[in-house]
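# Summary of the model geometry
In case you want the letters, here they are:
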Amino acid sequence: MTQKELNYFEDVYNHEKLIVEILYNSMELVTDEDYVSMFDKQIEEHDTMMKKMEKFLGDIDE
């Protein structure tokens, strides 16, 4: 992977982290269980994406 590709990858990863943080903050502000559930599902999806990215980088190092 080139440095430029790695930089793009890092940007995407940081974007996912930011989305998760925003979702957690938003989830704390709402009381409607439907919205809490929606935020929770979105957090799970973004966490899964981050784990896939971490695994991908780990596989490259090996």
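Right, let's walk through the structure included here. Since this is a predicted model, take the numbers as computed values, not measurements.

### Notes on the overall build of the protein
Secondary structure summary: the protein contains 2 helices and 0 strands in total. With the principal axes as the frame, the protein shows a C-alpha extent of 45 × 20 × 10 Å. Scored against the burial criterion, the 62 residues of the protein give a buried share of 16%. Partitioning the intrachain contacts of the protein with sequence separation of at least 6 by distance along the chain shows that 58% fall at a separation of at least 24.

### Section: the nonpolar core
Grouped together as the largest cluster of nonpolar side chains are 6 residues: Val20, Leu23, Met27, Phe39, Ile43 and Met50. Listing elements by their share of this core, those giving two or more residues are helix H1 (3-29) and helix H2 (33-61). Apart from residues no more than four positions distant in its own chain, Ile43 is found in contact with Val20, Leu23, Tyr24 and Met27.

### Observations regarding the environment of Glu10
Along the chain, Glu10 turns up in helix H1. By relative accessible area, Glu10 is classed as partly exposed at 46%.

### Some words on the packing of aromatic side chains
Geometry of an aromatic ring pair is reported as the spacing of the ring centres plus the angle between the planes. Counted according to the given criterion, the structure contains 1 aromatic pair. For the pair Phe9 and Phe56, a centre-to-centre distance of 5.5 Å together with 35° between the ring planes defines the contact as tilted. With Phe9 in helix H1 and Phe56 in helix H2, this pair connects stretches of sequence that are 47 residues apart. Judged by its relative accessible area of 17%, Phe9 falls in the buried class.

### Focus on H1
The end-to-end C-alpha distance of H1, which contains 27 residues, comes to 39 Å, matching closely the 39 Å that a straight helix rising 1.5 Å per residue would cover. Within the sequence span of H1, burial applies to Phe9, Glu16, Val20, Leu23 and Met27.

### Overview of a nonpolar patch on the surface
A contiguous nonpolar patch, built from Met1, Leu6, Phe56 and Ile60 and spanning about 350 Å² of accessible area, is present on the exposed surface. Position of Met1 among the secondary structure elements: in the segment before H1. Residue classification places Met1 among the partly exposed positions, given a relative accessible area of 49%.

### Remarks on the side chain of Glu16
Following the sequence through the fold, Glu16 ends up in helix H1. Although Glu16 is buried, it forms no salt bridge, and the closest oppositely charged side chain is Lys52 at an N-O distance of 11 Å. Reaching out from Glu16, the side chain makes a polar contact with the side chain of His46 at a distance of 2.5 Å. Setting aside its immediate chain neighbours within four residues, Glu16 contacts His46, Met49, Met50 and Met53.

Calculation criteria
- Chains are numbered independently. Their residues run from 1 in the order of the written sequence.
- pLDDT decides what is reported in this predicted model: residues at 70 or higher carry local features, side-chain atom pairs at 80 or more are listed and counted, and totals for whole chains, interfaces and linings draw on all residues regardless.
- For the side-chain quantities, the full set of heavy atoms in the structure was used; hydrogens and water were omitted.
- Here a strand is any run of E in DSSP of at least two residues, a helix any run of H or I of at least four, and the numbering for each starts at the N terminus.
- Buried means the residue's accessible area, taken with a 1.4 Å probe over protein chains only, is under 20% of the maximum for its type, while exposed means over 50%, and partly exposed covers the values in between.
- Between two residues, a contact is recorded if the distance between any of their heavy atoms is within 4.5 Å.
- Side-chain atoms within 4.5 Å are what join buried Ala, Val, Leu, Ile, Met, Phe, Trp, Tyr and Cys residues into a set we call a nonpolar core.
- Each Phe, Tyr or Trp ring, with Trp reduced to its six-membered ring, pairs with another whose centre is within 6.5 Å; inter-plane angles below 30 degrees give stacked pairs, above 60 give edge-to-face pairs, and intermediate values give tilted ones.
- Helix span, as expected, comes to 1.5 Å for every residue beyond the first.
- For patches, a residue must show more than 30% relative accessible area and have no salt bridge; joins then use 9 Å for like charges and 5 Å for nonpolar side chains, namely Val, Leu, Ile, Met, Phe, Trp and Tyr.
- Per-residue and other accessible areas were derived by the Shrake-Rupley procedure at a 1.4 Å probe size, with only the shown protein chains allowed to occlude residues.
- The salt bridge criterion pairs a side-chain nitrogen of Lys or Arg with a carboxyl oxygen of Asp or Glu, the two atoms within 4 Å.
- Positive charge is attributed to Lys and Arg, negative charge to Asp and Glu, and no charge count is given to His or to the chain ends.
- Counted as a polar contact is a pair of N or O atoms within 3.5 Å, where, for protein atoms, one must be capable of donating a hydrogen and the other of accepting one, and residues adjacent in sequence contribute only when both atoms are in side chains.

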